[in-house]
Amino acid sequence: MKTLKSILCIILCLSFALSLCSCGRMSGRYFGYSAKTIYCEDGYESEYAYQLWRYEEYINYRFFGVPLLSYSERSYTYLNPNGKVTDITFVKDHEDRENFLTLLPEDQLALVDRQRGFVLYTLPEGLYGIFFDDVPGQSSLELNSNHSWYSVRMYKYDESKSLFYTSFEVPIKESGRLKINLTEEYFGFNNFIWLDYELHEVSGEPNVKIDEEYSISNVKSWLKQCNDKAVDKNVEDISNIVTFKRLDDIYYFRLKGSDKIYILETDLNKNVKRFVSFEMPTNGVSIYRAYENGKKYEYYDIYGEENFYINAI
């Protein structure tokens, strides 16, 4: 009888505890993207696609209001050169890493198992998987160094299904990030080590082109020169230049509005070629090379600079 009472007591306690737990998520999925072309010069078509991405954080269980288990999910879509937007794709953060690990032989898996950071680049030359982690204290490069270092292991997987790899160490900057520069020919790591696309080290620092800076007042004046009512209506909403870069003979600007993100493309003389607004919740916009393959586009990373923190697996 005592045993039965004990079991009933445990069941009642568990039921009470579960009643205090909630199951849900921090932010729900969103179901729509839309892009509006406000202005486009006759006959002009962008050579690049824009990847629109956003992070969604979900909570599986709460106990007394405290999250116990959670996971994050990344979603993205593309605004293609033809002006059409692709369907939304949802990807869990760890899936890129897990998919790349299936390309590695058994003897390599143990070498990257403890590397917490991972970055994936897709280029016409192949897939590049970069695994990294911090190594506090002394480095094998400088035994007397008091700096912390990143241990990096980099792989290339090409169309012939050949796998190439290399490993190296780079000093950690004050920001605590691994800064990767991707140029038209090289990968750079914290401006310390440069590799070509075949993973061969390049001596010295390549001459990397740095974009000029522009003011928001300049951007607005270029837009007003369109003499277009639809453009003028949106100009005053623009508050900041988030990013910009030059690719070939076109400048690409990402602009921030009150509740919108805008894309502006101009020629070298600052004549507006295209002006687009994104009517959607998004964390960011990246530019990708886009090649038509039948009815679908293939997307590839382009050169630029990115900074990565180490995230736990």
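Residues numbered from 1 in each chain as written. Predicted model: local features only at pLDDT ≥ 70, side-chain atom pairs only at ≥ 80, totals over all residues. Heavy atoms only, no water.

1. Some thoughts on the confidence of the model for the protein chain
At step 1: Per-residue pLDDT for the protein chain averages 81, and the proportion of residues at 70 or more is 77%.
At step 2: Of the regions scoring below 50 in pLDDT, residues 18–28 engages in 21 contacts with residues more than four places distant in sequence or in other chains. (pLDDT = per-residue confidence, 0-100. Contact = heavy atoms within 4.5 Å.)

2. Some words on a negative patch on the surface
At step 1: A contiguous patch of negative charge on the surface is contributed by Glu47, Glu184, Glu185 and Asp248.
At step 2: In this fold, Glu184 is placed in the loop between β10 (178–182) and β11 (186–189).
At step 3: Given the relative accessible area of 56%, Glu184 is considered exposed. (Patch = residues over 30% accessible without salt bridge, like charges linked within 9 Å, V, L, I, M, F, W, Y side chains within 5 Å. Areas by Shrake-Rupley, 256 points an atom, 1.4 Å probe, with all protein chains shown as cover. Salt bridge = Lys/Arg side-chain N within 4 Å of Asp/Glu carboxyl O. Lys, Arg positive; Asp, Glu negative; His and termini not counted. Charge placed at Lys NZ, Arg CZ, Asp CG, Glu CD. Helix = DSSP H or I, 4+ residues; strand = E, 2+ residues; numbered from the N terminus. Buried < 20%, exposed > 50% of the residue type's maximum accessible area, 1.4 Å probe, protein only.)

3. Considering the packing of aromatic side chains
At step 1: Following the criterion strictly, the structure yields 27 aromatic pairs and no others.
At step 2: Considering the side-chain rings of Phe131 and Tyr155, the 5.9 Å spacing of their centres and the 90° angle between planes classify their relative orientation as edge-to-face. You can see Phe131 sitting in strand β7 (residues 126–135) and its partner Tyr155 sitting in strand β8 (residues 149–157), a full 24 residues away along the chain.
At step 3: Relative to Phe253, the ring of Trp222 lies with its centre 5.7 Å away and its plane at 65°, an arrangement referred to as edge-to-face. Residue Trp222 is found in helix α4 (residues 216–224), and its partner Phe253 is found in strand β15 (residues 250–256); the two are separated by 31 residues along the sequence. You'll find Trp222 and Phe253 in the same group, each marked buried.
At step 4: Here the aromatic residues Tyr76, Tyr78, Tyr288, Tyr297 and Tyr299 are joined through ring pairs into a cluster of three or more. (Phe/Tyr/Trp six-rings, centres within 6.5 Å; stacked < 30°, edge-to-face > 60°.)

4. Quick look at the sheet that holds strand β17 (residues 272–278)
The strands that make up a sheet pair up through hydrogen bonds in the backbone, lying either parallel or antiparallel.
At step 1: With antiparallel pairing, five strands are arranged side by side in an open sheet as β2-β17-β16-β15-β14. Both edges of this open sheet fall to β2 (35–40) and β14 (240–247), since each of them pairs with a single strand only. The mean inter-strand angle of the sheet, taken between neighbouring strand axes irrespective of direction, is 15°.
At step 2: Examined bridge by bridge, β2 and β17 share five bridges and lie antiparallel to one another. Following the sheet pairing, Cys40 is matched in β17 by Arg274.
At step 3: Against the sheet, α4 engages β14, β15, β16 (261–267) and β17, with an angle of about 75° to β16. (Pairing = 2+ DSSP bridges. Axes fitted to C-alpha atoms, helices over the stretch in contact; angles between N-to-C directions.)

5. Examining the pairing of β16
At step 1: Most of β16 sits inside the fold, with seven of its seven residues counted as buried.
At step 2: Side chains of β16 alternate between two faces, with Ile261, Ile263, Glu265 and Asp267 and Tyr262, Leu264 and Thr266 buried alike.
At step 3: The hairpin turn running from β15 into β16, its antiparallel successor, is four residues long.
At step 4: In sequence, β16 turns back onto β17 through a hairpin of four residues, with Lys270 there showing a positive phi of about 70°.

6. Digging into the nonpolar core
At step 1: Tyr50, Tyr121, Met154, Ile180, Phe187, Phe189 and Phe278 are the most contacted members of the largest nonpolar core, which totals 40 residues.
At step 2: Residues within four places of Ile180 in sequence aside, it is in contact with Val119, Tyr121, Ile130, Phe187, Gly188, Phe189, Gly304, Glu305, Glu306 and Phe308.
At step 3: Core analysis: the next-biggest nonpolar cluster, separate from the first, contains 18 residues, Val219, Cys226, Phe244 and Leu255 among them. (Core = buried A, V, L, I, M, F, W, Y, C linked by side-chain atoms within 4.5 Å.)

7. Topic: the sheet that holds β8
At step 1: Pairing is antiparallel across the open sheet formed by four strands, whose spatial order is β6-β7-β8-β9. The open sheet has two edge strands with one neighbour each: β6 (117–123) and β9 (163–171). Between one strand and the next, the sheet's axes are offset by a mean angle of 20°, whatever the strand orientation.
At step 2: The sheet contact formed by β7 and β8 spans nine bridges and is antiparallel.

8. Points about the pattern of salt bridges
At step 1: Under the defined criterion, the tally for this structure stands at seven salt bridges.
At step 2: Between Glu198 and Lys156 there is a salt bridge; the shortest N-O distance is 3.0 Å. Of the two residues, Glu198 sits in the loop between β12 (193–196) and β13 (201–202) while Lys156 sits in strand β8, which places them 42 residues apart along the sequence.
At step 3: Relative accessible area serves as the criterion here: at 40%, Glu198 is assigned to the partly exposed category.
At step 4: On the basis of relative accessibility, which here comes to 3%, the residue Lys156 falls in the buried class.
At step 5: Put simply, Glu265 and Arg274 hold a salt bridge, and the shortest N to O gap is 3.0 Å.
At step 6: Looking at Glu265, the relative accessible area reads 0%, which means it is buried.
At step 7: It is possible to trace a salt-bridge network through shared partners that takes in Arg116, Asp133 and Asp134.

9. Quick look at the environment of Val91
At step 1: Among the structural elements, Val91 can be located in strand β5 (residues 89–92).
At step 2: Classification of Val91 by relative accessible area gives buried; the value is 11%.
At step 3: In this structure, the C-alpha to C-alpha distance between Val91 and Arg74, residues 17 residues apart in sequence, is 5.1 Å.
At step 4: The residues contacting Val91, other than those within four sequence positions of it, are Glu73, Arg74 and Tyr76.

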